[in-house]
Amino acid sequence: MDLVEVLPDRLHMFRFPIGQAYLWQDGEALTLIDAGNIGSAAEIEGAIRSLGLRPGRLERIVLTHCHRDHIGAAGELAARWGAPVLAHRLDAPVIRGERPVPEPVLRDWELPLWEKGMTVPEAPPTPVDREVEDGEELGFGDGAYAVHAPGHTDGSIGIHLPRHGVLFTGDCVAAVGPVMLGVFNVDHGRALASFHRLAALAPSVACFGHGDPLTADTASVLARAAAGTPAA
């Protein structure tokens, strides 16, 4: 796992072989956005300690959606440190194991990527302590708000910290190469509408589920990418 500083003393990225998670700091109080795969807990804890912080100050784990490379270690970390898990109401039953993971509508060029993604171990059922809705304040970052961004999954969310100009897009947007609509969507049209909604927030920093964070000319890059994405 690679540890990448995004904003000094505020935001770091944990980059795994597939996917990534983020750590937000409010002083010593910590929020984890997504949680890597099922084997990531020890690496995440080690990275937190390497920053001079304590895993015991983990106050919440916010999941952007229900896929295995984002929720895998959430249950273990939550049980160990007492951090509540937050997710959108529509993805919470999937995360808990009460409903199956929704099948994406794959395009031909996505099939090799999908096969690679399926090498990530399946995530165990994970308790969700708080089901959130669009616009709900999440308790960190001087005001962090859930932005419902369906299409990748029904309950995908972005997380917007307007006072810091930071946006976490989950897998609605990706930056593996050019900034683009994320892959493996259950509904392309809704995913594209969500891309436009997130881009309209005009952040100065965008953090993706896959790909390096965008920290320069961010609002313009997102707007151009959203506008240039075909509707079908």
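Residues numbered from 1 in each chain as written. Predicted model: local features only at pLDDT ≥ 70, side-chain atom pairs only at ≥ 80, totals over all residues. Heavy atoms only, no water.

*Asks:* Just to check I follow, could you spell out the packing of helix α1 (residues 41–50) against helix α3 (residues 74–81) for this structure?
*Replies:* In a packed pair of helices, the relevant descriptors are the angle between the two axes and the axis-to-axis distance. Running from N to C, α1 and α3 point in directions that differ by 55°, and their axes come no closer than 9 Å. Considering the angle they form, α1 stands oblique to α3. When α1 is examined against α3, the residues A41, I44, E45 and R49 are found in contact with a partner set consisting of E76, L77, R80 and W81. Class assignment for the residues of the contact of α1 with α3 results in four nonpolar, no polar and four charged. (Axes fitted to C-alpha atoms, helices over the stretch in contact; angles between N-to-C directions. Helix = DSSP H or I, 4+ residues; strand = E, 2+ residues; numbered from the N terminus. Parallel < 35°, antiparallel > 145°, perpendicular 65-115°, else oblique. Contact = heavy atoms within 4.5 Å. Nonpolar A, V, L, I, M, F, W, Y, C, P; charged D, E, K, R; others polar.)

*Asks:* Would you mind showing me how to read the sheet that holds strand β1 (residues 2–7) here?
*Replies:* Paired through their backbone hydrogen bonds, the strands of a sheet run either parallel or antiparallel. With mixed pairing, the seven strands of this open sheet are ordered in space as β1-β2-β3-β4-β5-β6-β7. Taken across any chain shown, the strands that pair with only one partner, and hence form the sheet edges, are β1 and β7 (130–132). Averaged over all adjacent pairs, the angle separating strand axes in this sheet is 25°, with direction ignored. Both strand β4 (residues 29–33) and strand β5 (residues 58–62) contribute to a ladder of four bridges, which runs parallel. Directly across from T31, in β5, lies its bridge partner R60. (Pairing = 2+ DSSP bridges.)

*Asks:* Explain the sheet that holds strand β13 (residues 205–208) here, please?
*Replies:* Spatial ordering of the open sheet is given by β8-β9-β10-β13, a layout of four strands whose pairing is mixed. Looking at the sheet topology across the chains shown, the edges are occupied by β8 (145–148) and β13. Across the sheet, the mean angle separating the axes of adjacent strands is 20° when strand polarity is ignored. Relative to strand β10 (residues 166–170), strand β9 (residues 157–161) runs antiparallel, the two being bridged by three bridges. In the sheet register, L161 faces β10, and the bridge partner there is V166. Of the strands in this sheet, β8, β9 and β10 are in contact with helix α6 (residues 188–199), which crosses β8 at around 145°.

*Asks:* In this structure, what is going on with the pairing of strand β3 (residues 20–26)? I would like to understand it.
*Replies:* Side chains on a regular strand alternate between the two faces of the sheet. Taking burial as the measure, the seven residues of β3 include six buried ones, the bulk of the element. As judged from the five bridges shared by strand β2 (residues 11–15) and β3, these two strands associate in the antiparallel manner. Residue pairing in the sheet places R15 in a bridge with Q20 of β3. From the end of β2 to the start of β3, which pair antiparallel, there are four residues, and G19 there has a positive phi angle of about 90°. Connecting β3 to the next strand, β4, in antiparallel fashion are two residues, including G27 with a positive phi near 65°. (Buried < 20%, exposed > 50% of the residue type's maximum accessible area, 1.4 Å probe, protein only.)

*Asks:* Where do I start with the pattern of salt bridges in this structure?
*Replies:* Pairing between side chains of opposite charge can happen when the charged atoms of each approach one another. Under the counting rule described, the total for this entry stands at 16 salt bridges. With a shortest N-O distance of 3.9 Å, R54 and E28 are connected by a salt bridge. Pair noted here: R54 is in the loop between α1 and β5 and E28 is in the loop between β3 and β4, with a separation of 26 residues, a long-range link. For E28, a relative accessible area of 47% puts it in the partly exposed group. With a closest N to O distance of 3.6 Å, R224 and D217 form a salt bridge. Among the charged side chains, a salt-bridge network with shared partners connects E28, R54, R57, E59 and R60. (Salt bridge = Lys/Arg side-chain N within 4 Å of Asp/Glu carboxyl O.)

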